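# Structural features, examined
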Amino acid sequence: MSRPSIAEVSALIADLAALRQNRTPGEFAALMARKADLLERIATHTPGDAEAAEVARLARERADSLKSAD
């Protein structure tokens, strides 16, 4: 798993802001999956950080629930 870059985090934040205005359920689900992937990568590269691991776990649960709702 590669270390997340600042550019990836910035791109995600920009996409979140853009989709806040106009988004389809599929676009939102895809973006939440991308967010979960990024948070999991951050947690992987910060071993011992229980909060990062928990945030990543919750994000993955949410993304998975959106995917199964389609």
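Let me begin by describing the structure that accompanies this report. (Residues numbered from 1 in each chain as written. Predicted model: local features only at pLDDT ≥ 70, side-chain atom pairs only at ≥ 80, totals over all residues. Heavy atoms only, no water.)

### Side note on the pattern of salt bridges
A full pass over the atoms with the stated rule returns eight salt bridges. Residues D64 and R60 are paired through a salt bridge, measuring 3.7 Å at the closest nitrogen-oxygen approach. Placement of both D64 and R60 in helix α3 (residues 50-69) is noted, with a separation of four residues, approximately one turn of the helix. For D64, a relative accessible area of 35% corresponds to the partly exposed category. A residue is classified by how much of its surface remains accessible, and R60, at 18% relative accessible area, is buried. If you follow the salt bridges from partner to partner, you end up with D37, E40, R60, D64 and K67 in one network. (Salt bridge = Lys/Arg side-chain N within 4 Å of Asp/Glu carboxyl O. Helix = DSSP H or I, 4+ residues; strand = E, 2+ residues; numbered from the N terminus. Buried < 20%, exposed > 50% of the residue type's maximum accessible area, 1.4 Å probe, protein only.)

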